[in-house]
Each structure stands twice: as C-alpha cells, then as structure tokens.
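# Geometric and topological summary
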Amino acid sequence: MTGSLFKGNFWTSDILGTIGYDSIIQHLNNGRKNCKEFEDFLKERASIEERYGKDLLSLARKKPCGQSETNTLKRALEVFKQQVDSVAQSHIHLAQTLREEARKMEEFREKQKSQQKKTELIMDAAHKQKSVQFKKTMEAKKNYEQKCRDKDEAEQAVHRSANMANPKQQEKLFVKLATSKTAVEDSDKVYMLHINTLDRVRNEWQSEHIKACEVFETQECERINFFRNALWLHMNQLSKQCVISDEMYEEVRKSLEMCSIEKDIEYFVNQRRTGQTPPAPIMYENFYCPQKNAAPPGKATGPNSARRGPLPNPKSLPDDPDYSLLDNNYSLIYQ
C-alpha cells in the first residue's frame, strides 16, 4: 500500500473547490456498493444451493430408483442413493458457508462506512470553516478597498481646494481626509487579520485533506484486498464442492465396478427358477379308440406317440343296418 497517491493527485486550484475530495468520496461509496452487490450475490447463491440441496435430498429419499433390482446391481444402486444424499447435504452445508461469507462482507462494509463517516465529519467541518472564513475575508477585502477609494477621493478633493479662499471648507476636507486615512488603516488591519486567519484555516484544511487522503487510500487498499480474497475464497469453496461431489460419485463408480452381470443373472435364476422341463407337444387322440395309457394333455407319450394308429374293424356284422359296405371300406352313417 503506497499511502501517497491520493494526497498528491486530488487537489484543485479553487480554494473553495472540493472536486478532488468529492471524487475520492464517490469512489469509496462505489466501492462499498460493489461490496454490497457481491454480498447480495453470495446470499442469492446460498439460497440456490440450499434449494438445490433440499430438492436433491428429497429426490434421493423419496423417489424410487431401481427398487426391484437384485444382488450386485441392487447394492450399487443403494450406494448411488446414499452418495446422492451426501451430495445434497454438502450443498446445504455450502449454502451455510456462503451465508457466513456474506455476513463477513457485510461486517467489513459497515466497518469501512463507519471509518469513512468519521473522516467525512472532520473534513465537512474543515470545508465549512474554510468557506466561512473565505467569505469573511472577501467582505473585509471589499471594505478595505472601498475605504482606500474613499481616501483617494478625499486626497483629490484636498488638492482641488488648495486655491480656495474659504478656510472652513478646506478644514472640512482635511478632516475628511484624516478620517478616511484612519478608516483605511483600520480596514487594512481587519483585512490582514482575516487574511492571516484564512491562511491558518487553509493550512488546517490542507493538513486534514492530506490525512483524509491517506485514510481513504488505506481504506481502499484494504477493501480491494478484502474483496479479492473473498472472491478467491468463494472460488475455492465452489471447487471444493466439485471435489466433494466427485469423490462421492467415485464411490458409486467403484460399486458399479463390483457389479457382475453373470452373478446377477445366476442370482435371479436361483431365486426364481420354475423348472427345467418344457411342455410336451399336444397329441391327437381318436375319439372312438382312445390309446391305452395315453398321456395327459401336454405330456409326452413315448417315441411313437406322434403316429396315427390303424382304423379299427367294426364289431357289427356286415348286414347290420347301421353300417354299409363300400369298396371294402367302412363308413359310419348316422341315422
């Protein structure tokens, strides 16, 4: 911190001018405004992190996600839900940290505001005193100059009346001249007194201006340093959050590496198997001549079960009226 740039670069030739001082004050006020904006940014970011954390927490705890999975993939999903829960908690914790950083920024900002106010009060008093004394000095100067002009006029009147025959008139002019000379001397003393007072006040104001510049420059250096460090810390906190999240997600990846497709398939088969024999084909069965020892529907009946048996011979005589013989084959005629 230099502590010398402000006091050497914010003067003005106008004794009543405050443009340099006003420029510094405006800059300091803008600096505090910038701090307030970052403070509000941190608070809003904290609210976002908190909402996100709570929403993620609700998602991890209430929303089903592969709840019917089994064996190794089920264990990986359990780790996944646990780590998402932890990530959500970390975001909620980050929100608390950001609010704490915003509080620190607010405290720093208010502290600088209080320090600046003290210096401003001193400078306001110095400016007022300088302005009042300058006004008095100018009035004394104006009065002094007028008295000088009155004396000059009185002297000219005396010179013009040198050849006057009226002694009383001349006496009046000499009296007026003497009075004007006394008035000039008195006004001169008053004027000089105000000049000296103004110079003293000006020196006091100048000294206070230098002190104020040094205080303000120190404040500004502290503000820039604090703001820079706060922003740097904020970036570190966000980076740390990313690292924490990645470490938790890495645990999920490790659990996924332990998943075994073969084991999960084998586990399902062992837990839910229903049998190893498929159903047999459905066989034809003759209505009039059921096969002995015929297998129930859907069951196998042996190696030749798929072949149709021979047509049975009728038990009735050939002349039975229920039958008629045609080309040595039997046909059933329903009467």
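Read on for a plain summary of the structure.

The rules behind each value
Residues numbered from 1 in each chain as written. Predicted model: local features only at pLDDT ≥ 70, side-chain atom pairs only at ≥ 80, totals over all residues. Heavy atoms only, no water. Helix = DSSP H or I, 4+ residues; strand = E, 2+ residues; numbered from the N terminus. Buried < 20%, exposed > 50% of the residue type's maximum accessible area, 1.4 Å probe, protein only. Contact = heavy atoms within 4.5 Å. Areas by Shrake-Rupley, 256 points an atom, 1.4 Å probe, with all protein chains shown as cover. Phe/Tyr/Trp six-rings, centres within 6.5 Å; stacked < 30°, edge-to-face > 60°. Axes fitted to C-alpha atoms, helices over the stretch in contact; angles between N-to-C directions. Parallel < 35°, antiparallel > 145°, perpendicular 65-115°, else oblique. Nonpolar A, V, L, I, M, F, W, Y, C, P; charged D, E, K, R; others polar.

## Quick notes on the overall build of the chain
Within the chain one finds 5 helices and 2 strands. When the 335 residues of the chain are sorted by exposure, 27% land in the buried category. Considering only contacts within the chain whose residues lie at least 6 apart along the sequence, 80% involve residues at least 24 apart. Approximately 24300 Å² of the chain is accessible, and the part contributed by carbon and sulfur atoms is 54%.

## Brief notes about the packing of aromatic side chains
The tally for this structure, following the rule as stated, stands at 8 aromatic pairs. Aromatic pair Phe-108 and Phe-226: ring centres 4.1 Å apart, planes at 5°, arrangement stacked. Remark: Phe-226 occurs in helix H4 (residues 167-257) and Phe-108 occurs in helix H3 (residues 71-160); sequence separation between them is 118 residues. You can call Phe-226 partly exposed: its relative accessible area is 27%. The interplanar angle of 25° and the centroid separation of 5.3 Å between the aromatic rings of Tyr-144 and Tyr-191 together place this pair among those described as stacked. Linking Tyr-144 in helix H3 with Tyr-191 in helix H4, this pair joins segments that are 47 residues apart in sequence. Each residue in the set Phe-38, Phe-41 and Phe-227 is aromatic and connected to the rest through ring pairs, giving one cluster.

## As for the packing of H3 against H4
Between H3 and H4, the shortest axis-to-axis distance is 6 Å and the interhelical angle comes to 170°. Comparing their axes, H4 and H3 come out roughly antiparallel. Residues belonging to the contact of H3 with H4 are distributed by class as follows: 42 nonpolar, 25 polar and 18 charged.

## Quick word on the environment of Asp-22
Looking at the secondary structure, you find Asp-22 in helix H2 (residues 19-62). C-alpha of Asp-22 to C-alpha of Phe-10: the two residues are 12 residues apart in sequence and 9.2 Å apart in space.

As far as function goes, none of this settles anything; it's purely spatial.
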